[in-house]
Structure formats: structure tokens, C-alpha cells
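Here is how the chains run, residue by residue.
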Amino acid sequence: MLSIAQIDHRFVQSIFCFCGISRSICSTSNGFIDGFQRIEKYLIDYRKSSNCDTVSDENQEEESVDSVGTSGRYEEEEEEHHQQNVFNRSSFLRNTKNAAAMALKVLQQDGPGFDARSALDNLEIQVSGLLVREVLIGILKNINQANRERCVKLGYKFFIWSGQKQDYNHTVNTYHLIMQIFAESQEYKAMWRLLDEMTEKGYPVTSRTFNIFICSCGEAGIAKKVVERFIKSNSFNFRPFKHSFNAILHSLHAIKHYNLIEWVYQQMLADGRQPDTLTYNIIMYAKYRLGRLDQFHSLFDEMGRNGFPPDLHTFNILLHIYGRANKPAEAVVHLSMMKEAGIEPNVLHFTNLIDALSRAGNMDACKYFFDLMVEQGCEPDVVAYTVMINAHIAGGQFEKAEEMFSDMFDNGKIPNVYTYNTMIRGLCMAGKFEYACLMLKEMESRGCNPNFLVYKTLVSFLKNAGKVFEANEVIKGMVEKGQYGHLLKRIKKYKRC
DNA sequence: CTAGGGTTAG
């Protein structure tokens, strides 16, 4: 709670500074002044109404030093004050959630003969960034193929309605949410319009914005246009990266768009930009994924020639490649090269290597590096255990996988969705269907929410084994939880194959 | 702190 409050406070303050500066720069444009004055007024009110509770949090720290052994009463007052603020904040959260639920209900009634706008007005709810966020997320969560047009309409109606409220301005986050809603319905024109609007109003366009756009376009031609627009954009906030190319390359890397990475790199060179370590690492990884290992190696050489020695990420990629090629000896050599370069191999390196080796089918090497990792004082975490469990299952050694699973508990590591899904898959492959179903129950009772993939894994294995009844029971349980009903088709489709 | 590791999928 405290840390959230502090972040909020800093955020508000930084916007404050930002407003002050921009106002003095743009003092000729009336539109800007009005816009910022509105934001500023809102912020002043916000600080008043929130009673500057965040400030008192900070003061508390200083005062606790000053007031050691002096005024106990003062501390009590502070404490009371603090509790009051915690109470205010949680009731604000609760009220906002209720208001959002009411707004969603009103929106659902929208249709001919129903004026949603005035119905929303009649609710007399306080519009805040949190409220708009709650409502838009509520819409986004329920969106599916069948209702998406209506969802877009309702979402946009609410976006416009809330944006017109006095003392409220949309945030970058609410823009992103409405863009995501449009993206679900492939309303690209509307997305571009919103992007222009953000830029006009001086909102920072971030890599999140880029991500929403790039994920929404299937065609390569459109994707290139998106990239071009963001590279050229003056309002693109590419921090923490050095320039927009690296920010874009990193986003593309995260969504595994390797072809586009090659293209962006060409644009970057044409633009006269020099690649740095980050650029090289991403390009090299893309080359590897595209199966162009010769280019990978020439880039690696080029990188060294240009004064960029391999860093921990570079070594991570190298280890992965040697693992996949089933060259454990090379991996050993590189591990010691890393150490010579002053880079200690950590869990991520070992996990990565073990995963790659398991894909190459070398179970002995997997075990060797797992033990080496522990020996070197590197504690395996959930991912490392999951990768080992997966390796054993891939090698058909289910008992070993189970052993790992219980070792994991002994070492105090809590399995997550990946782990459970891997175990359920393993149990199915071993023909232990009752256990697989029990494992699903277990993960639920341990508070680990099964995702769609978990259900899909279990159901498809059950169906393929002719256990239709059990499969339907699992589906029933899934639908009862009410989250993945709209994805049912995907399981059925699987059945027909 | 702020680039890195995982459910084989078409």
C-alpha cells in the first residue's frame, strides 16, 4: 500500500513539473494552455482531496528519526492519520469498483430507445482514471468474436462520455485500453486516430503503445507501416533504450517477430545508426531463430571487431545454440569463458542451457549441468525445476520427473501453471489419467489458477484415449469457473483432427 | 531494479 502511494505521489509530482515546463514553452498555443491548466487544476484538487497522505508517508520517515524518545503523542496522531488514509484509500478502491460495475450494467442496457449517456450521468459516479480503467478492462475481459462489435461500441461510448467529464482527463493507460478494444475488433483506422490524438495532446507514446499496434496487424505490409510511424515519431518515448530503433527491436524480440527484426535492422543501418550490444544481441538471436547461423557467426565477429565484447545475454544465446546442437563440451568451454570475462553464469544461463539440451535429447547433459549449477552455488528456481521435469518427461522417464517435482517442494519452491501443466502432460503420457485429473484439483486447491492450456492439455489427452466422459467432466469444471467458455471451440476443433 | 530462462505447433 505504502509503496503504491509513494509511486502515485511521485507520478503526480512529475506531471506537475512537466506541466510547468510545457506551459512556459508552449505559452502561445491556447489549446495547450487550456489543456494543461485543466490537468493542473485536477492535480491540485487531487492533492487537496487526497489530503496529501503520500506526503505524510514521506515525512513519517524523517520524523521517526527526529522524534525518537521525544513525543509519543505526535507519533500516535501520525499513526491515526496514517490508518485513516489507508481506510480512505481502500474505501476509494471499493467505491470505484462498485461504480465501475454499475457503469458496466448501464452500458449493457444500451440499445434503441435507451440513452446510455444520460443513464451514466444519472449514476452520478465520480469519474477517475481508476474507474475508466475498471470499466474498459471489464469490457476487454468479456470480448469475443460474437460480441466484439458491440463491445467496441460500448467501450468507445464510455471512453467519450468519461473524457468529457470536467476534472477528468484520459491517461496513457486508458488510451491503451481503448486501443486494445479496437484492436480486438480490427478497427485499425480508429486506432490510428487515437494515436494521432494522443500525440496531439502531448501524451507520451510508449513501447506499450507500439506493442498494441504491432500485435494487432497480421499483414507484414501494415506492420512495416507501424514501425515506420513509430521510428519517425517525435513523441515516441523509447526509454529506457538509447533510440527508437532499439526500443522497437526489443518489442519485436518480445513478440518473436524475427522477420521484421531483420527489416528494422536494415532500416537502422540505412539511417546511419550504429548497432550496440543490445542491437547485436537481438539481431543475432533473430538470425538464429530464422536458421541463418552463418550470419549469426559473422555478426558475432563483427560485434567484437566494433568493440562490443559479448555480455551475459550474448553468452546466454551462445549457450542456447550449443545446447540445441547437442554440444555440451562447447557449453562447458563457454561457461569458463564467461567467468574469465568476469560474468558469473546464473540460473538463467543454466536453465536456458538445460532446456536447449533437453530439446536435443541429451538427458545426461541436462543432469550434468543441473548438478553443476547447484555445485556452483546457484539455487534452482521454479523455472529450472520445471525445465528439468519437462526434460525427464520428454525422455520418457516419468518417475524421475516425479522425483524432481517432490524435490522441488522439499526445497521450498512452489510450482506454478507451467509446472502443473508439464506434470499433467507427463501423467497423461504415462497413462495415469486419474492422477492427471487429481493434479488439476490439486493446483486449484493450492490457489494456482489453471489457464486454458492446462485444460486443453488434459482434455485432448483424455479424448485421444477415448475417455470422453472424463474429458467432459473437465470441460464442465472449466465452464463452471466461467472463464474460458468462449474458447471451447478450440478444444472441439482439436477433437475432430 | 528496468534486455535474459519455460507449456513443441503449423
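What counts, and at which threshold
Residues numbered from 1 in each chain as written. Chains lettered and ligands numbered in written order. Predicted model: local features only at pLDDT ≥ 70, side-chain atom pairs only at ≥ 80, totals over all residues. Heavy atoms only, no water. Patch = residues over 30% accessible without salt bridge, like charges linked within 9 Å, V, L, I, M, F, W, Y side chains within 5 Å. Areas by Shrake-Rupley, 256 points an atom, 1.4 Å probe, with all protein chains shown as cover. Salt bridge = Lys/Arg side-chain N within 4 Å of Asp/Glu carboxyl O. Lys, Arg positive; Asp, Glu negative; His and termini not counted. Charge placed at Lys NZ, Arg CZ, Asp CG, Glu CD. Helix = DSSP H or I, 4+ residues; strand = E, 2+ residues; numbered from the N terminus. Buried < 20%, exposed > 50% of the residue type's maximum accessible area, 1.4 Å probe, protein only. Contact = heavy atoms within 4.5 Å. Polar contact = N/O pair within 3.5 Å; in protein donor to acceptor, adjacent residues only side chain to side chain. Axes fitted to C-alpha atoms, helices over the stretch in contact; angles between N-to-C directions. Parallel < 35°, antiparallel > 145°, perpendicular 65-115°, else oblique. Nonpolar A, V, L, I, M, F, W, Y, C, P; charged D, E, K, R; others polar. Near = heavy atom within 4 Å. Core = buried A, V, L, I, M, F, W, Y, C linked by side-chain atoms within 4.5 Å.

This part is about a negative patch on the surface. Taken together, E399, E402, E403, D407 and D410 make up a surface patch of like negative charges. Summarising the element assignment, E399 is placed in helix α21 (residues 398-410). The exposure class assigned to E399 is exposed, which follows from its relative accessible area of 53%.

So, on to the environment of D381. Mapping D381 onto the fold places it in the loop between α19 (363-375) and α20 (382-394). Each C-alpha atom of the pair D381 and F213 lies 34 Å from the other, and the pair is 168 residues apart in sequence. The residues touching D381, leaving out its near neighbours within four places in the chain, are V347 and K413. A distance of 3.0 Å separates a polar side-chain atom of D381 from the backbone nitrogen of A384.

Let's shift gears to the packing of helix α12 (residues 244-254) against helix α13 (residues 258-270). Here α12 crosses α13 at 170 degrees, and the two axes come no closer than 10 Å. For the element pair α12 / α13, the angle class is roughly antiparallel. When α12 is examined against α13, the residues F245, N246, I248, L249, L252 and H253 are found in contact with a partner set consisting of L260, I261, V264, Y265, Q267 and M268. In terms of residue class, the contact of α12 with α13 is made up of 9 nonpolar, 3 polar and no charged.

Moving on, we get to the side chain of T351. Mapped onto the fold, T351 is located in helix α18 (residues 347-359). Once residues lying within four places of it in the same chain are set aside, the contact partners of T351 are V383, A384 and V387.

Moving on, we get to the protein's contact with DNA strand B. In the neighbourhood of DNA strand B, 29 residues make up the surrounding shell, with H349, T351, R359, N421 and R425 lying closest. H250 places a polar side-chain atom, nitrogen or oxygen, 3.0 Å from a sugar or linking oxygen of DNA strand B. Here N281 contributes a side-chain N or O atom positioned 3.0 Å from a base nitrogen of DNA strand B. Those elements giving two or more residues to the surface near DNA strand B turn out to be α14 (277-289), α16 (312-324), α18, α20 and α22 (417-429). Per element, the largest residue contribution to the surface near DNA strand B is 7 residues, and it comes from α18. The residue makeup of the surface near DNA strand B, split by class, is 10 nonpolar, 14 polar and 5 charged.

Looking at the secondary structure, you find N362 in the loop between α18 and α19. The class of N362 is buried, set by a relative accessible area of 17%. For N362, the side chain forms a polar contact with the side chain of N326, separated by 2.8 Å. In this structure the side chain of N362 is engaged in a polar contact, spanning 3.0 Å, whose partner is the backbone nitrogen of A365. Setting aside chain neighbours within four positions, we find N362 in contact with N326, P328 and L357.

Core analysis: the largest hydrophobic core is formed by 134 residues, its most contacted members being F158 and F369. With sequence-adjacent residues up to four places away left out, F158 is seen in contact with A103, L107, L120, L131, V132, V135 and L136.

All quantities given are derived from atomic positions and should not be read as evidence of function.
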